Amino acid sequence: MKNRAIAAILVLLLAVSLTGCAGNDGKTTGTTNAAAGQAKKLFPLRQATPTNFDEVMIASRLGFFEEEGIEIKNTGVLRGGASAIQTVTQGVNDIFNGHPPNVAQAILAGAKVKAVAPGQVDNPNTPHVAYLVKEDSPIKSLQDIVGKKVAQTSSTSVCQDGYLKMWLKQHHLPLNVEWVKLPNPGQQEQALRQGLVDVTTSHQPYSAVALKQGGLRQIATSYDIVKTPAGGLSIYGFSEKFIAEHPDVVRGFCKALAKVRPWINNHPKEAADIVAKEYKLDPDQVTSKMFEENSQIDPAAIELWFKIAEDVGLWKPGDIKPTDTYTNEFAPKQ
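In this text the structure is predicted, and so the values were computed from the model without any measurement.

1. Observations concerning the sheet that holds strand S4 (residues 113-118)
Line of reasoning, step 1. Here we have three strands laid out as an open sheet, ordered S3-S11-S4, and antiparallel in their pairing. Strand pairing shows two members of the sheet lacking a second neighbour, strand S3 (96-98) and S4, which therefore form its edges. Between one strand and the next, the sheet's axes are offset by a mean angle of 35°, whatever the strand orientation.
Line of reasoning, step 2. Sheet strands in contact with helix H6 (residues 100-108) are S3, S4 and strand S11 (235-239), and its direction is about 120° off that of S3.
Line of reasoning, step 3. Its contacts with the sheet put helix H12 (residues 247-266) on S4 and S11, and the angle it makes with S4 is roughly 35°.

Shown next, in the form of structure tokens:
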């Protein structure tokens, strides 16, 4: 009898123990929940908080990064002339975005970085850069900008002052332009309305917003100058150290961007609505951009940017090769 009682107590204790480890469906959940928690854990990728029409932000809102086990973390808007590449080399961020010359200049300065994916491209209907003047301005074309104040939002670069310097040089006009740096997004258009500058080098979404608000007009675009989609090319990348340590994350990042770029091109209104909501803009005043649908970075496009950069004196020919700035190793197959 005594032995039977002890056995019964042991059975009861075992049953209670198993019940305590079970969920409502009667299945054990201790290790299962732990595994589920690990499965849901996303790799955090840090980037500077975007202020323009940004495909990473759109891909994040659509869940494309989550599908690749990645979570995008914004760390704050760039300040004081800092570049996205600088923050990557400093370990503040993981992702950088810029035009090919930005990457080349950073490498020449000692940065160990590499671009891995393409981004936007130029388009005559949704241009990379729009040159705006006041509606009543006597400036009718780019030929009239000599001697005028032209606003830009960063230091010397191909898509800020570079395109215009190239255009003036090609048309045998003096490089007599006063460049006015206004670092905050949207500040150029405000300065133009106030008469503080004569011309802007406006990027999306601010150029489209400014035009739809009225009082300004467009005298030319970057597409008028470069005449190819490659003239708007942006590229994304990481430090070489990050690439070596997290190749699967880099591959997933490239895959998510390869999904969102054609989605934006095919859903411009929906994409513009996402951007408008993010930046608290009127959806009717935001225009989408065009993006590279090829999963790889086009070597010919990089070479074009190198030629322009060398023509305007950003570095000397031979200082760096186009192939030093990028790799297509992580691009998904199409």
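Still more to cover.
2. Structural notes on the packing of H12 against helix H13 (residues 268-279)
Line of reasoning, step 1. Interhelical geometry of H12 versus H13 gives an angle of 105° and a closest axis separation of 5 Å. It follows that H12 is roughly perpendicular to H13 by the angle criterion. Together, Trp263, Ile264, Asn265 and Asn266 of H12 and Pro268, Glu270, Ala271 and Ile274 of H13 make up the contact between the two elements.
Line of reasoning, step 2. Within the contact of H12 with H13, the residues separate by chemical class into five nonpolar, two polar and one charged.

3. Structural notes on the nonpolar core
Line of reasoning, step 1. Within the largest apolar cluster, 44 residues are counted, with the highest numbers of intra-cluster contacts made by Tyr131, Leu142, Ile145, Tyr163 and Ile225.
Line of reasoning, step 2. Elements supplying a minimum of two residues to this core: helix H5 (84-89), H6, S4, strand S6 (129-134), helix H7 (158-170), strand S10 (216-221), helix H10 (222-226) and helix H14 (299-311).
Line of reasoning, step 3. Of the residues forming this core, the biggest block, seven residues, is contributed by H7.
Line of reasoning, step 4. Beyond its immediate chain neighbours, meaning those up to four positions away, Leu142 contacts Tyr131, Leu164, Trp167, Leu168, Ile219, Ala220 and Ile225.
Line of reasoning, step 5. Phe53, Val116, Tyr236 and Cys254 belong to the second-largest nonpolar core, a separate cluster that totals 36 residues.

4. Remarks on unusual backbone geometry
Line of reasoning, step 1. Backbone geometry places Lys227, a non-glycine residue, at a positive phi of 65°.
Line of reasoning, step 2. Structurally, the position occupied by Lys227 is in the loop between H10 and S11.
Line of reasoning, step 3. By relative accessible area, which is 60% here, Lys227 ends up exposed.
Line of reasoning, step 4. Of note, Lys280 is a non-glycine position whose phi angle comes to about 60°, a positive value.
Line of reasoning, step 5. Relative to the assigned elements, Lys280 resides in the loop between H13 and strand S12 (290-291).

5. Topic: the side chain of Thr201
Line of reasoning, step 1. The residue Thr201 is located in strand S9 (residues 200-203) in this model.
Line of reasoning, step 2. In this structure the side chain of Thr201 is engaged in a polar contact, spanning 3.2 Å, whose partner is the side chain of Gln160.
Line of reasoning, step 3. Not counting the four nearest positions on each side in its chain, Thr201 is found in contact with Val129, Ala130, Tyr131, Val150, Ala151, Gln152, Gln160, Leu164 and Gln188.

6. Observations regarding the pattern of salt bridges
Line of reasoning, step 1. Enumeration over the complete set of coordinates arrives at 11 salt bridges.
Line of reasoning, step 2. Between Lys259 and Glu67 there is a salt bridge whose closest N-O contact spans 2.7 Å. Here Lys259 is found in helix H12, whereas its partner Glu67 is found in helix H4 (residues 64-67), with 192 residues between them in sequence.
Line of reasoning, step 3. One salt bridge in this structure joins Lys255 and Glu68, with 4.0 Å as the shortest N-O distance. Of the two residues, Lys255 is situated in helix H12 and Glu68 in the loop between H4 and strand S2 (70-74); the sequence distance between them amounts to 187 residues.
Line of reasoning, step 4. Judged by relative accessible area, Glu68 falls into the partly exposed class, the value being 23%.
Line of reasoning, step 5. The structure contains a network of salt bridges with shared partners spanning Glu67, Glu68, Lys255 and Lys259.

7. What to know about helix H9 (residues 206-213)
Line of reasoning, step 1. Every buried residue of H9 is listed here: Ser207, Ala208, Val209 and Ala210.
Line of reasoning, step 2. A positive backbone phi angle near 85° is found at Gly214, which sits one or two residues after H9.

8. Examining the environment of Gly186
Line of reasoning, step 1. One can find Gly186 in the loop between strand S8 (178-181) and helix H8 (187-193).
Line of reasoning, step 2. On the basis of relative accessible area, Gly186 is assigned to the partly exposed category, the value being 27%.
Line of reasoning, step 3. On a C-alpha basis, the gap between Gly186 and Asn52 in space is 9.6 Å, while along the polypeptide they are 134 residues apart.

9. Quick look at the environment of Asp248
Line of reasoning, step 1. Within the secondary structure, Asp248 sits in helix H12.
Line of reasoning, step 2. Owing to a relative accessible area of 62%, Asp248 belongs among the exposed residues under this scheme.
Line of reasoning, step 3. In sequence terms Asp248 and Glu68 are 180 residues apart; their C-alpha atoms lie 9.5 Å from each other.
Line of reasoning, step 4. At a separation of 3.2 Å, a polar atom in the side chain of Asp248 contacts the side chain of Arg251.

Rules used throughout
- Residues numbered from 1 in each chain as written.
- Predicted model: local features only at pLDDT ≥ 70, side-chain atom pairs only at ≥ 80, totals over all residues.
- Heavy atoms only, no water.
- Pairing = 2+ DSSP bridges.
- Helix = DSSP H or I, 4+ residues; strand = E, 2+ residues; numbered from the N terminus.
- Axes fitted to C-alpha atoms, helices over the stretch in contact; angles between N-to-C directions.
- Contact = heavy atoms within 4.5 Å.
- Parallel < 35°, antiparallel > 145°, perpendicular 65-115°, else oblique.
- Nonpolar A, V, L, I, M, F, W, Y, C, P; charged D, E, K, R; others polar.
- Core = buried A, V, L, I, M, F, W, Y, C linked by side-chain atoms within 4.5 Å.
- Buried < 20%, exposed > 50% of the residue type's maximum accessible area, 1.4 Å probe, protein only.
- Polar contact = N/O pair within 3.5 Å; in protein donor to acceptor, adjacent residues only side chain to side chain.
- Salt bridge = Lys/Arg side-chain N within 4 Å of Asp/Glu carboxyl O.

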